[in-house]
Amino acid sequence: MFKPFFKTLFLLLICQAANAQVAQDCVDAVPICSNTPINGGTNGFGTDDFNGAVSSGCLEQTTTGAIESNSAWYRFRAAEAGQLGFNIGHSSDEDWDFALYRATDCSNLGDPVRCNFFDNSENTSFIGVGEDPTGDLDSVHYEDWLQVQAGEDYYLFINNFSNVNSGFSIQFTGNIWVDHPNSALDCTIINNLLGPPIAACEGDNIVLDATTVGATNYEWYNDSGSGYQLIAGANTATYDVQSTGQYRVVVTTSTENIVSDVQVGFNEVPVTGALTDETFCQEANMAFNLNDKNSEALNGTDPDDFVVSYHSSQADADAGNNPLEKQYIPTGGLETIFVRTTSLANPECYDASQSFTLNAIETPILSFLDQAVICESVGSLEIGETNSNPNYTYQWSTGEQTPSISVSESGQYTLTVTNQSNGTLCETSRTVFVEVSTMPQISSVDIEDLSVNNTVTINTDNNGMYEYSMDGGDFQVSNVFEGVPPGVHTVRMQDPYGCGIVEEDIVVVGYLAIFSPNGDVMNETWQIEGLSTLNSPIVTIYDRYGKLIKQMNEFDPGWDGSFQGKPLPSTDYWFKLSYVDDNGNRTFAKHIQSHFSLRR
């Protein structure tokens, strides 16, 4: 919740009478149709307007045992339809509550249409309907905007818990005042000769007019805190008010004396200080904190008395419309920000004579990646910005001054891009880490288990990162495939950076590395398991000199270790495996360990 914003909303230059146009009872509610100056405060209450009730809407009984403790009543009538709100400004160390009733008769108020009974532990300076003028969007002391219709009557009850208070002011707000600045509220309900209370600004020409048909004499009085005193020489129908106070006119006619009182309050008009222009480096979605300019605009005046807003046009600043977000995201380049300093006691007292420029210099945005790979088969690669800006300068760690460069070696390459304007340099740097990737190459294939489900490992002698696939499946980082059945399989090995891909067919079969045809029934023949998965397989066995010893197909029971009926000696023998591929060509199987041992 909002913390103390100012100690006193409006310090009266001259103490006013405590009962200055403040009505304690609903039936005497003061009719208003515009903002009111701060009054002399409230002290007690008259008749219990709630007839002993313990609550009315959000309002509860106070320390007096009644809903009222130090009360004031006002009434107003909507003359137009639209969004209406109001601010009740008060000292931040006082606790005020309010209730707004849509009613035409004090004896039938009904439930309030807007109501606020929060204590002021946050030391706020405003309660009301609509939006807190200090910009506190989360204030619990504000109720939702009110949509009014022309001709509706409202009673506003304002109450203070304290026995001593310094009064309050009422400021009307809402779009109804934008659409109907001179006719939002109906002033015909005011039958006071001098009209409603007047909230004015220093320097305003305030003329009280008591012109009455048949008047024979006018006397004007001023109460500045010591009771009404006759103003010497003021004996005409009008009086030019120069200072804050309570004014009374006594009009003499041939039949009666007419007495009319009115309160006039003058508020200080702020003078906005000169603001320096701002030049800064802007990054994407970076906000400029307009609050940082408040001290310049206030120029030493009390920030508790004035609020600063910023606007994109002079017209908006003059009208107080469309304030910019305090965390403002510049549009880029040069733009003028118009400044409005407004009195918190009276929003009509403002100064919108100053402005400053924001020069948001774009910090270069780099679009290239910080990782790059040179394909060994290509030999070089272009790195850096491909979408260059002619207004920027480019500097590489290699000394080159172009948006992009061609590199052929691995390493780190740093580019610094600079945008300069009005002596301000906005820089962005990025380092590109370059690696060289060699072409993938399958050097060998290991087959384990020699069973129905085998484990196949694809090996390479190259250094680098590669991905592997079998039989058109998804690529994987691991070079191991499990659960591979016997037969012909297509393996692929690729560089993940797009530097190349190799593909080979492999044959998964099993055979004994050692066999011993010695009559013990164990491993008496040598054969290849899984030949039946191949198309027209042929196995040829050779001795170490290349002599053909045996040729077999998938129907042969195996080799018994003899040649032409004679046993061959214990030694190593070699073999080849061929089969007919899908294209009808006889192909020799690759990556098979093509020798075995005979032991007797």
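If you're wondering where the values come from, they're calculated on a predicted model, not measured in any experiment. Each residue is numbered by its place in its chain's sequence as written, counting from 1. Where local features are concerned, this predicted model is filtered to residues with pLDDT of at least 70; where side-chain atom pairs are given and counted, the filter is 80 or more; whole-chain, interface and lining totals use all residues. As a rule here, side-chain values come from all non-hydrogen atoms in the structure, and water together with hydrogens is ignored.

**Looking at the pattern of salt bridges**
- What makes a salt bridge here is a side-chain nitrogen of Lys or Arg within 4 Å of a carboxyl oxygen of Asp or Glu, nothing more. Taken as a whole and assessed by the stated rule, the structure comprises seven salt bridges.
- A salt bridge links Asp-153 to Arg-77; the nearest nitrogen and oxygen atoms lie 2.6 Å apart. Linking Asp-153 in strand S11 (residues 153–160) with Arg-77 in strand S4 (residues 71–77), this pair joins segments that are 76 residues apart in sequence.
- By relative accessible area, which is 16% here, Asp-153 ends up buried.
- Taking the shortest distance from any N to any O, the salt bridge between Glu-278 and Lys-293 comes out at 2.8 Å. Of this pair, Glu-278 sits in strand S20 (residues 278–282) while Lys-293 sits in the loop between strand S21 (288–289) and helix H2 (294–298), and the two are 15 residues apart along the sequence.
- Each residue is assigned to one of three classes by its accessible area relative to the maximum for its type, calculated with a 1.4 Å probe on protein chains only: buried under 20%, partly exposed between the two thresholds, exposed over 50%. Judged by relative accessible area, Glu-278 falls into the partly exposed class, the value being 21%. Secondary structure elements are defined from DSSP: runs of H or I of at least 4 residues count as helices, runs of E of at least 2 residues count as strands, and each element is numbered from the N terminus.

**Some thoughts on the state of the cysteines**
- Put simply, a disulfide is two cysteine sulfurs that come within 2.5 Å. All chains considered together, the criterion is met by six disulfides.
- Each sulfur in the disulfide pair Cys-33 and Cys-187 lies 2.0 Å from the other. What sets the handedness of the Cys-33 and Cys-187 disulfide is the S-S torsion sign, and at about 95 degrees it is right-handed. Pair noted here: Cys-33 is in the loop between strand S1 (30–31) and strand S2 (55–56) and Cys-187 is in the loop between helix H1 (175–179) and strand S13 (198–201), with a separation of 154 residues, a long-range link.

**Here we look at the packing of aromatic side chains**
- Stacked, tilted and edge-to-face pairs are distinguished by plane angle, under 30 degrees for stacked and over 60 for edge-to-face with tilted covering the rest, among Phe, Tyr and Trp rings (Trp via its six-membered ring) whose centres lie within 6.5 Å. The full count for this structure, using the stated rule, is 26 aromatic pairs.
- On the basis of an interplanar angle of 40 degrees and a centroid distance of 4.8 Å, the ring pair of Trp-73 and Phe-157 is categorised as tilted. Taken together, the residues span a long stretch of sequence, with Trp-73 in strand S4 and Phe-157 in strand S11 at a distance of 84 residues. Both residues of the pair, Trp-73 and Phe-157, count as buried.
- Ring plane angle 45 degrees and centroid distance 6.3 Å describe the contact between Phe-575 and Phe-596, whose orientation is recorded as tilted. Placement of the pair is Phe-575 in strand S45 (residues 571–580) and Phe-596 in strand S47 (residues 595–598), with a sequence separation of 21 residues.
- Members of the aromatic cluster, joined through ring pairs, are Tyr-511, Phe-515, Trp-526, Trp-559, Tyr-573, Phe-575 and Phe-596.
- Distance and angle both matter: a charge sits over a ring if NZ of Lys or CZ of Arg is within 6 Å of the ring centre and within 35 degrees of the ring normal. In this structure, Lys-576 packs its charged tip against the face of Phe-588, placed 5.7 Å from the ring centre.

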